[in-house]
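Coordinate analysis (summary)
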Amino acid sequence: MFDVVIIGGGPAGMSAAPSSGRGKMKVLLIDEEKPRNAVTRESHGFLTRDGITPDKFREVGRSDLQKYPTITIQNDRVQSINQLGEHSFKLVTLTGRTVHTKNIVLATGLKETLPDVKNIEQFYGNSIFSCPFCDGWEMKDRSLVLIMENTQAFHLVKLLKNWTDDLVLATNGQYWLDDQQKEILELNNISIIEEKISSLNGDDGELRSLTFEGGKELERTSGFCATHLDNTLPFINELGIEIGESGYITTNMMGQTNIPGIYAAGDIKGPSQLMVSASQGHMVGMGIIANSSEAQFITK
Ligand SMILES: Cc1cc2nc3c(=O)[nH]c(=O)nc-3n(C[C@H](O)[C@H](O)[C@H](O)COP(=O)(O)OP(=O)(O)OC[C@H]3O[C@@H](n4cnc5c(N)ncnc54)[C@H](O)[C@@H]3O)c2cc1C
């Protein structure tokens with residue numbers, strides 16, 4: 001029986017491991033090693049690790065965990081979770097391993113779907129990005145395109161104005177902009193192209209231009225796109241974990257969900273960043289130790 005099983009070994013899961021393992025909890029971290037940021041060449045903004053590759057970040061993180069005999073790492077995928085009782089869960093993995101634990105940390109991140117543009121995956125993470133906080137500095141003051149197929153991430157338009165004065169919004173054949181939005185864009189000197197993109201042109205991940213179905217060509221060497229994000233855990237609903245209005249898991253400050261013994265950290269609580277995910281993971285570890293100490297302390 002483990003005290004804690006952490007599902008997902010990104011910054012959230014890797015931080016939850018030492019913060020609970022150093023509290024003498026018996027911890028198992030299960031990770032299938034498919035992080036959302038794997039496509040990117042450099043990660044920014046994590047203090048002391050600015051510019052690190054996602055692979056190196058993971059390697060350094062895992063080497064920290066390997067120092068602790070309380071922490072075991074398994075490369076695998078959790079397929080199912082069953083609650084057997086209060087603080088009693090059974091997990092089954094893809095390789096057929098069955099594990100029992102008192103606490104679970106969900107740190108599985110998100111899966112993202114790119115806009116429906118041919119070859120976009122060749123450029124994503126190299127010259128087309130999704131998060132201005134992560135890659136805006138590297139793209140600053142350039143002529144940018146923002147590919148956005150619906151209104152959901154309209155805030156990105158406003159955000160990107162912080163990094164460039166030359167922005168074209170390409171809706172890729174989707175006519176979702178209303179008159180008010182068009183007026184606002186015009187006031188802010190943002191051009192709009194609503195035609196479908198027929199190709200992204202460039203080599204080795206470096207964008208050179210976009211061609212539109214009507215034949216128009218737009219020269220741009222970099223840009224951003226709005227991606228669609230999904231939780232990767234079908235068992236969230238089966239366990240009865242509460243989801244907030246934003247569509248993501250809700251927790252208290254220490255990362256505890258509405259189910260005692262189930263915690264969540266990182267992107268699964270809403271798209272975030274390496275540093276934020278790591279800090280949430282760390283808080284979860286502290287929360288587990290605090291709750292377990294409270295439960296065991298003799299008061300009478
Ligand atoms: C292209 C791109 C560039 C980015 N650049 C930056 C940047 O420069 N700076 C920054 O701060 N942030 C950046 N981010 C955001 C950052 O990567 C995420 O916020 C962060 O990785 C979230 O951490 P996490 O631990 O929650 O999830 P992840 O890092 O996604 O890790 C989740 C892990 O859980 C595993 N997993 C999922 N399901 C299961 C399962 N059932 N069983 C076992 N394992 C499972 C996955 O395989 C994965 O390894 C970027 C994101 C993208 C997409």
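Report on the accompanying structure. (Residues numbered from 1 in each chain as written. Predicted model: local features only at pLDDT ≥ 70, side-chain atom pairs only at ≥ 80, totals over all residues. Heavy atoms only, no water.)

Things to note about the nonpolar core
Counting 22 residues, the largest nonpolar core has V4, I6, A17, V27, V105 and I288 as its most contacted members. At the level of secondary structure, the elements contributing two or more residues to this core comprise β1 (2-7), α1 (11-21), β2 (27-31), α2 (54-65) and α8 (274-296). L28, F89, V99 and A264 belong to the second largest nonpolar core, which has 21 residues in total. (Core = buried A, V, L, I, M, F, W, Y, C linked by side-chain atoms within 4.5 Å. Buried < 20%, exposed > 50% of the residue type's maximum accessible area, 1.4 Å probe, protein only. Helix = DSSP H or I, 4+ residues; strand = E, 2+ residues; numbered from the N terminus.)

A word on the sheet that holds strand β10 (residues 167-170)
Strand order in the open sheet made by the five strands is β8-β15-β9-β10-β11, with parallel pairing throughout. Both outer strands of the open sheet, β8 (128-129) and β11 (191-193), are each paired with one neighbouring strand and no more. Sheet topology note: the strand β9 (residues 144-147)/strand β15 (residues 222-225) ladder contains four bridges and is parallel. What sits directly across from V145, in β15, is G223. (Pairing = 2+ DSSP bridges.)

A word on the site of the ligand
Near the ligand there are 35 residues, and of these D31, K34, H44, D267 and L274 occur at the shortest range. Residue R58 places a side-chain N or O atom 3.1 Å away from an oxygen atom belonging to the ligand. Between the ligand and the protein, one listed contact pairs an oxygen atom with a backbone N or O atom of L274 at 2.9 Å. When the ligand sits alone it has 1,000 Å² of accessible area, and the protein chains cover 99% of it. Of all the elements in the fold, those that place two or more residues in the shell around the ligand are α1, β2 and α8. (Near = heavy atom within 4 Å. Polar contact = N/O pair within 3.5 Å; in protein donor to acceptor, adjacent residues only side chain to side chain. Areas by Shrake-Rupley, 256 points an atom, 1.4 Å probe, with all protein chains shown as cover.)

What about the layout of surface pockets?
Here the second largest pocket defines a volume of roughly 320 Å³. Taken together, 14 residues make up the lining of the second largest pocket; nearest its centre are M14, S15, F46, G61 and D64. Listing elements by their share of the lining of the second largest pocket, those giving two or more residues are α1 and α2. When residues of the lining of the second largest pocket are assigned to their parent elements, the largest contribution, five residues, is made by α2. (1 Å grid on protein atoms, 1.4 Å probe; cavity = no way out; pocket = protein on both sides within 12 Å on 5 of 7 lines; lining within 4 Å. Points joined across faces, edges and corners; volume = space filled by probe spheres on them.)

Concerning the side chain of S272
Within the secondary structure layout, S272 lies in the loop between β17 (262-264) and α8. Within the structure, S272 has its side chain in polar contact with the side chain of S277 (distance 3.1 Å). With residues near it in sequence (within four places) discarded, S272 still touches R36, D267 and S277. (Contact = heavy atoms within 4.5 Å.)

A word on the packing of aromatic side chains
Throughout the structure, instances matching the rule amount to four aromatic pairs. Seen in terms of ring centroids, F154 and W176 are 6.3 Å apart; in terms of plane orientation they differ by 85°. Their pairing is edge-to-face. Note that F154 is positioned in the loop between β9 and α5 (155-160) and W176 in the loop between β10 and α6 (179-187), a separation of 22 residues in sequence. In this structure, K26 is placed above the aromatic ring of F2, and the distance from its NZ or CZ to the ring centre is 4.8 Å. The aromatic ring of W137 is capped on one face by K140, whose charged end is 4.0 Å from the ring centroid. (Phe/Tyr/Trp six-rings, centres within 6.5 Å; stacked < 30°, edge-to-face > 60°. Lys NZ or Arg CZ within 6 Å of the ring centre and 35° of its normal.)

Section: unusual backbone geometry
Positive phi, normally seen in glycine, also occurs at T48, with a value near 80°. With respect to the helices and strands, T48 occurs in the loop between β2 and α2. What makes T48 exposed here is its relative accessible area of 68%. The residue H87 is not glycine, and still its phi comes out positive at about 55°. Structurally, H87 is set in the loop between β4 (78-85) and β5 (88-93).

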